[in-house]
Amino acid sequence: MREVLIDGNLMKSKEEMHDHLKEKFDLPYYYARNLDSLYQILAKDDDPIKVKLVNQESIALGYGNALVLLLKDLAEVNGNYILDIE
């Protein structure tokens, strides 16, 4: 099982957030750097992934909650995702 650590301290702006997510999830070149695109790409993934989110409160204003909701939805829709939020 692949493990991905997402750190809110490295996502203080929208741009930093998408850079961090692109790197951590090894997203393809066509990733459009928005949450809709992130969801569409990750929902298709068949490999088991444990996603650990730390320092959620540090994520760029307004994006932290949206990212958490996206990850929770992924875990419900795609059983290959295990979500751990600290």
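Structure: above.
Conventions and cut-offs
Residues numbered from 1 in each chain as written. Predicted model: local features only at pLDDT ≥ 70, side-chain atom pairs only at ≥ 80, totals over all residues. Heavy atoms only, no water. Salt bridge = Lys/Arg side-chain N within 4 Å of Asp/Glu carboxyl O. Helix = DSSP H or I, 4+ residues; strand = E, 2+ residues; numbered from the N terminus. Pairing = 2+ DSSP bridges.

Visitor: Help me out: how do you make sense of the pattern of salt bridges in this one?
Guide: Applying the stated criterion across every chain, the model contains 2 salt bridges. Note that R33 and D19 form a salt bridge whose closest N and O atoms lie 2.8 Å from each other. Placement of R33 in the loop between α1 (14-25) and α2 (35-43) and of D19 in helix α1 is noted, with a sequence separation of 14 residues between them.

Visitor: Just checking my understanding: could you explain the pairing of strand β2 (residues 49-54) for this structure?
Guide: The two faces of the sheet receive side chains in turn, since in a regular strand these alternate between them. Sheet analysis places strand β1 (residues 2-7) next to β2, joined by 6 bridges and oriented parallel. Within β2, the position partnered with E3 by the bridge is K50. Across 5 bridges, the pairing between β2 and strand β3 (residues 81-85) is parallel. Pairing of K52 across the sheet is with D84, part of β3.

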